[in-house]
Amino acid sequence: MTEYDEKLSAFLDGELSEDEARDIERALASDPGLQEKLESLMAADTLAKNAFADMLTDQVPVELAAAIQDAPVSSPANTPRAPTAAGWLAAAAAVVALMVGGAAGYFTGVSQNTQVAAAPGWLDDIADYHRVYASQSRHLVEVGADEADHIETWLSNSVGSQVRIPDLSDEGLTFQGARLLVAAGKPVAQLMYTDGDARVVALCQIQTDTPRPDFGQRTINAFDMVVWGARNANFVIVGDEGRGDLDAIAQSAAAQV
Amino acid sequence: MEFVLKSADHWEAGCIAQADAPLTRHTLDLFIADIREFFLSNELKRDLIALLPRLRRFARSLTRSATEADDLVQEACLRALSRHDQWDPTQPLDRWMFRITRNLWISEIRKRQVRLGQGQVDAEDATELVSPETGEDTLAARELRRHIEALPEDLSAILLTVSVEGYSYAEAAELFDIPIGTVMSRIHRARKSLAQLIAEPVGAKT
């Protein structure tokens, strides 16, 4: 009966053809020895499953989870690369949506060929992204919270406005790190925080000679924003739509920046 | 016709956006896309951390060493995060991660072979358990775990993927880069080895 031996496991796993399975079933019916083998394999399988299930209860080392939580998410620094592919795709999609969909008011009376006309602004911004990122060989994508002092110096120099990392722990937010963005052809400091539920809140800062005199609220693309100005910069706090505490966060940040 | 955004105020105007101000809106969309990407990668981190127990189990079945398993898992997660744009969220994360983990382990084994100047014993030839633990006279769960982890190369990992993780033989063959027939024989050898353990506990052999 050794010819069936190896097939017994495949039989257990439902990996035999109907014909082969029928053969095994017939052989099992007439061969108590084979049946015993099958039962011992099944018992072994049950034991293995229990042992494997037991492994799931092993304590996951905190350091391992922390290493993943703190890991940079894009390509390693020093690789000359502008924003990630996902960023590009989403941005490209946004531009396509602009060209195809809305923006009628904007394009009306401006150009008969909106699709061509929209391209230069987009390309200019691409160039701006590239220009700024390319000069940031060390800080291409993200700098971790453990280099807070460095982030402040680096972003202040890059943005042209003093960047301070506000302590938002009273608002339940933990500082995770910073990125440098480009918007409207200007560098933007982006400080990333997460709350207890790992939701991200970003504080962005852009230099301007005419800062907003007051606070403003907006909801755009499923994100709530609170905007304000101070000194020589405008600030915006961005978070999930409807989280409700952005005002308080903005007030707390505004008192510290 | 000037489309270049020149002033920070345009960007700021985008923040207090008017729907009819597309010049600033598309810049803002760029900015939001960047934040969204951060959200997505944060989700990936959260999902990876949730997957850690199963990833560690799989890595352990490959490496048969707790320390090496954790190193391997960490390396695999960092690899996944650095390539998060390659992840198709419609596909199961566990399968993607098992593949990355397995590939990293294979390349680690190859590096070791080069360093040591010797080949790995093929699982078909490696009939001995790697480090059979003895001393227990009952088939305690701990002993069984040791036995499973001591199974020769790939046997316990293949058993895990098929018997527990629900891979078909064809899927396991693809993951481990071996023929389906080899999956079948290795699964069988793994179970037979465990069945022998039940019939004749390891401690009783010595």
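Residues numbered from 1 in each chain as written. Chains lettered and ligands numbered in written order. Predicted model: local features only at pLDDT ≥ 70, side-chain atom pairs only at ≥ 80, totals over all residues.

A. Structural context of the overall build of chain B. Helix and strand content of chain B: nine helices and zero strands. Overall, chain B shows an N-to-C arrangement of helices and strands of α-α-α-α-α-α-α-α-α. For chain B, the proportion of its 206 residues judged to be buried stands at 43%. At a minimum sequence separation of 6, the contacts of chain B that also span at least 24 residues come to 55%. (Helix = DSSP H or I, 4+ residues; strand = E, 2+ residues; numbered from the N terminus. Buried ≥ 20, exposed ≤ 12 C-beta atoms within 10 Å, placed from the backbone. Contact = placed C-beta atoms within 7 Å.)

B. Unusual backbone geometry, seen in detail. Residues and elements named next belong to chain B. With a phi angle near 60°, R64 is a residue other than glycine that sits in the positive phi range. Looking at the secondary structure, you find R64 in the loop between helix 2 (22-63) and helix 3 (66-82). Backbone geometry places D177, a non-glycine residue, at a positive phi of 60°. Within the secondary structure, D177 sits in the loop between helix 7 (169-176) and helix 8 (180-199). A count of 10 C-beta atoms within 10 Å places D177 in the exposed class.

C. Structural view of the environment of B:S168. Residues and elements named next belong to chain B. Along the polypeptide, S168 turns up in the loop between helix 6 (155-164) and helix 7. The exposure class assigned to S168 is partly exposed, which follows from the 15 C-beta atoms found within 10 Å. For the pair S168 and I180, spaced twelve residues apart in the sequence, the C-alpha separation amounts to 9.5 Å.

D. Summary view of the confidence of the model for chain A. Looking at chain A as a whole, its pLDDT mean stands at 72, while 68% of the residues score no less than 70. Confidence over residues 75-141 of chain A falls short of pLDDT 50; this stretch has 79 contacts with residues more than four positions distant or in other chains. (pLDDT = per-residue confidence, 0-100.)

E. Here's a closer look at the pairing of strand 4 (residues 200-207) of chain A. All names here are of chain A. Burial analysis of strand 4 places eight of its eight residues in the buried class, the great majority of the element. The two faces of strand 4 match: V200, A202, C204 and I206 on one face and V201, L203, Q205 and Q207 on the other face are all buried. Of the strand pairs in this sheet, strand 4 and strand 7 (residues 233-240) are connected by six bridges, and their pairing is antiparallel. Opposite C204, over in strand 7, you have V236 as the bridge partner. (Pairing = 2+ DSSP bridges.)

F. Highlighting helix 6 of chain B. Extensive coverage of helix 6 of chain B is indicated by the burial of ten of its ten residues. Residues B:L155, B:S156, B:A157, B:I158, B:L159, B:L160, B:T161, B:V162, B:S163 and B:V164 constitute the buried set of helix 6 of chain B.

G. Highlighting the packing of helix 6 of chain B against helix 8 of chain B. Residues and elements named next belong to chain B. Interaxial distance between helix 6 and helix 8 falls to 9 Å at its minimum, and their mutual angle equals 100°. Considered as vectors, helix 6 and helix 8 are oriented roughly perpendicular to each other. Across the interface between the two elements, L155, S156, I158, L159 and V162 of helix 6 pack against V183, R186, I187, R189 and A190 of helix 8. Across the contact of helix 6 with helix 8, the residue classes break down as seven nonpolar, one polar and two charged. (Axes fitted to C-alpha atoms, helices over the stretch in contact; angles between N-to-C directions. Parallel < 35°, antiparallel > 145°, perpendicular 65-115°, else oblique. Nonpolar A, V, L, I, M, F, W, Y, C, P; charged D, E, K, R; others polar.)

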